[in-house]
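# Notes for the structure review
Listed below, chain by chain, are the residues.
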Amino acid sequence: QPENIEQTQPTPLAQIAETTYETLQSAINASNSEDEITILQDIALTEELTIPENKNIKLNLNNKTISSSSENVIKNNGTLTITKSGIIRNEISNGTVIYNTGTLNIENAIITTAQNGGKAVFNDSGIVNMISGKIVTEGIGAIGIYNINNSETIIEGGIIETTGFGSKGIYN
């Protein structure tokens, strides 16, 4: 007599409209222009998320946390708009939360570096629009927004908070 084996479905981490996804990267890959991706639960990443050049993503953090032990949490080559409250956090020394070569719109979120030498936003020839939200540097020598290669940063609102010795809010 065969045993009754209960098969469990993987718990979805992200959703676009009525469709759910097992990984946030699979939701990013499947998204169409200006789709809103909603985070369904806290996510601990070990690999970088990549937003391709041709994508226009709205990321609804939905009061959840995305943390990562990779060099970059998110590499944005397209357009990324972060909406709704939540946290995106890099957990390693010298790590970057968002490496931006595209357009990054921060409408609401807490973007934070947890260790020494981290960068919340590494803006490499991209555009950063900070409308609201908070950028926090927690480690020694960390940087809130690091601009290189003719990057543009526009701050309309929000807070940039440095807590570690020798940390900088904005470094050009």
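Quick summary incoming for the structure in this document.

With respect to the helices, strands and loops of the structure, Gln25 is situated in helix H1 (residues 24-30). On a C-alpha basis, the gap between Gln25 and Asn150 in space is 29 Å, while along the polypeptide they are 125 residues apart. Excluding residues within four positions of it along the chain, Gln25 makes contact with Glu48, Leu49 and Thr50. A distance of 2.8 Å separates a polar atom in the side chain of Gln25 from the backbone nitrogen of Thr50.

This part takes up the side chain of Asn105. For Asn105, the location among the structural elements is in strand E12 (residues 103-106). Apart from the residues within four sequence positions on either side, Asn105 is in contact with Thr79, Leu80, Thr81, Ile82 and Asn129.

Turning next to the sheet that holds strand E6 (residues 56-60). With respect to topology, eight strands assemble into an open sheet ordered E2-E1-E3-E6-E9-E12-E15-E18, the strand pairing being mixed. Of all the strands in the sheet, the pair left with one neighbour each is strand E2 (19-21) and strand E18 (152-155). Each adjacent strand pair in this sheet contributes to an overall mean axis angle of 20°, direction not counted. Here three bridges tie strand E3 (residues 36-39) to E6, and the two strands are oriented parallel to one another. Residue pairing across strands places Glu36 opposite Lys58, the latter belonging to E6.

Note on strand geometry: in a regular strand, side chains alternate between the two faces of the sheet. Alignment of strand E1 (residues 14-16) against E3, held across three bridges, turns out to be antiparallel. Its bridge partner being in E3, Ala14 is matched across the sheet by Ile39.

Reading across from one edge, E4-E7-E10-E13-E16-E19 is the order of the six strands in this open sheet, with parallel pairing throughout. The strands lining the two open edges of the sheet, one partner per strand, are strand E4 (43-45) and strand E19 (159-162). The average undirected angle you get between the axes of adjacent strands in this sheet is 10°. Note that E4 and strand E7 (residues 65-68) share three bridges and pair parallel. Within the sheet, the bridge partner assigned to Ala44 lies in E7 and is Ser67.

Under the defined criterion, the tally for this structure stands at three aromatic pairs. Here a set of aromatic residues connected by ring pairs shows up, and it is made of Tyr99, Phe122, Tyr146 and Tyr171. It is Lys119 that lies over the ring of Tyr146; its NZ or CZ is 5.4 Å from the centre.

The rules behind these values
- Residues numbered from 1 in each chain as written.
- Predicted model: local features only at pLDDT ≥ 70, side-chain atom pairs only at ≥ 80, totals over all residues.
- Heavy atoms only, no water.
- Helix = DSSP H or I, 4+ residues; strand = E, 2+ residues; numbered from the N terminus.
- Contact = heavy atoms within 4.5 Å.
- Polar contact = N/O pair within 3.5 Å; in protein donor to acceptor, adjacent residues only side chain to side chain.
- Pairing = 2+ DSSP bridges.
- Axes fitted to C-alpha atoms, helices over the stretch in contact; angles between N-to-C directions.
- Phe/Tyr/Trp six-rings, centres within 6.5 Å; stacked < 30°, edge-to-face > 60°.
- Lys NZ or Arg CZ within 6 Å of the ring centre and 35° of its normal.

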